[in-house]
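# Structural characterization, general
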Amino acid sequence: MNRIAYILSAYKDAPHLARLVSALNDQADFYIHIDLKTDLRPFKELLEDKATFVPGHRVSWGGWEQVGYQKELLAAVLRSGVEYARVVCLSGQDYPLWSNQEIHRYFNEHQETEFITGMNLTRCRHADQRSKIINYHFFRDLGWESNWWKNKLIVASRHLMKALPFRKEATTMIARRKADVFFGSDYWAITLPCARYIYEKLCTEKEMTRYFKTSFVPSELCIQTIVFNSPFGKQALLYEGDYPGLSGLTPLHYIEYGKAIKTLTADDWPVLQKSGKMFCRKVASGVSDKLVEEIDSIRNPQKKP
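Summary of the structure given here. (Residues numbered from 1 in each chain as written. Predicted model: local features only at pLDDT ≥ 70, side-chain atom pairs only at ≥ 80, totals over all residues. Heavy atoms only, no water.)

The interhelical angle for the contact between helix α3 (residues 65-80) and helix α7 (residues 192-204), taken along N-to-C directions, is 125 degrees, at an axis separation of 10 Å. Viewed along their axes, α3 and α7 adopt a mutual orientation that is oblique. The hand of the α3/α7 crossing is left-handed. In contact with V67, K71, L74, A75, V77 and L78 of α3, α7 contributes L192, A195, R196, I198, Y199, L202 and C203. Of the residues contributing to the contact of α3 with α7, the split by class is eleven nonpolar, no polar and two charged. (Axes fitted to C-alpha atoms, helices over the stretch in contact; angles between N-to-C directions. Helix = DSSP H or I, 4+ residues; strand = E, 2+ residues; numbered from the N terminus. Parallel < 35°, antiparallel > 145°, perpendicular 65-115°, else oblique. Left-handed = near helix turned anticlockwise from the far one by under 90°. Contact = heavy atoms within 4.5 Å. Nonpolar A, V, L, I, M, F, W, Y, C, P; charged D, E, K, R; others polar.)

The full count for this structure, using the stated rule, is nine salt bridges. Salt-bridge contacts for D35 lead to K37; the nearest nitrogen and oxygen are separated by 3.0 Å. Here D35 falls in the buried class, since its relative accessible area comes to 9%. A salt bridge links R281 to D94; the nearest nitrogen and oxygen atoms lie 3.7 Å apart. (Salt bridge = Lys/Arg side-chain N within 4 Å of Asp/Glu carboxyl O. Buried < 20%, exposed > 50% of the residue type's maximum accessible area, 1.4 Å probe, protein only.)

Turning to the side chain of S185, a few remarks are in order. Inspection of the secondary structure puts S185 in the loop between β9 (182-183) and β10 (189-190). The exposure class assigned to S185 is buried, which follows from its relative accessible area of 3%. One polar contact links S185 to T250, side chain to side chain, over a distance of 3.2 Å. Discounting chain neighbours no more than four positions away, the residues touching S185 are T117, Q224, L246, L249 and T250. (Polar contact = N/O pair within 3.5 Å; in protein donor to acceptor, adjacent residues only side chain to side chain.)

Take the nonpolar core next. I7, V87, I198 and V227 are the most contacted members of the largest nonpolar core, which has 46 residues in total. Breaking this core down by element, the ones donating at least two residues are β1 (4-10), α3, β4 (86-91), β9, α7, α8 (206-213) and α9 (222-228). It is α3 that provides the largest number of residues to this core, a total of six residues. Setting aside residues no more than four positions away along its own chain, V227 makes contact with I116, C194, I198, F232, G233 and A236. Listed in part, the 40 residues of the second largest apolar core include A14, F107, C280 and L291. (Core = buried A, V, L, I, M, F, W, Y, C linked by side-chain atoms within 4.5 Å.)

As structure tokens, then:
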């Protein structure tokens, strides 16, 4: 089997992260980022000999530091010198629906495919989606202790910038040329050459990074834009049509979005079985335990009581 690098970020529920790593631990290595605001000790106690931990970033949802930790994880994968067949980006609240054998077989059967979906926002007519890039978004990476005051400042600045006539272009710059902006999910599975190309662009394309630092949730924009403006874009998953919701732009995950991502329970097992997806999100200790037991009984039938 070809080896897989799983890159993960977490900020809570160390027991579930350990359970996730144990479930995927077959011809695989794990690179983990823990939010700097989180106590690292429980994670290291459970996983120190099973994973490589990268330096923590102080992460705020929707801020540039989400791209910062993805870059950190990619750097660790590339420094390892291992010729991975696939680099898979997960969250610490994911869980596999397929067996490891099925996962490896699927990636082996689709060796050229970059499992990252992109929707072109530069050419999109949907105002809400274009606002992610043409409006300025500030202050998400502020290290304030009070989220209440921080959120007030973020909302106030957003309303102010909407009222003012300042707008960004719906294109960024890559290699000194205008590049369309693409939008998709944080969760993808790419080849090692594609991962290397992304990392190099994150290191060198300063004008592009400045552009995304004032965009809305740059982790759902920056890497997609790099891929779809590269030779790897031809093997990636271009989405054309009306906005399908973020779940429709997540190629390998089952995710149920509402005002927040739903925490899955055993009641969701019939839907998950029919989804055809490789992973699901989100799963939590104490809430999803029976669901995990159901999944494991299918993934590893030899372990059935």
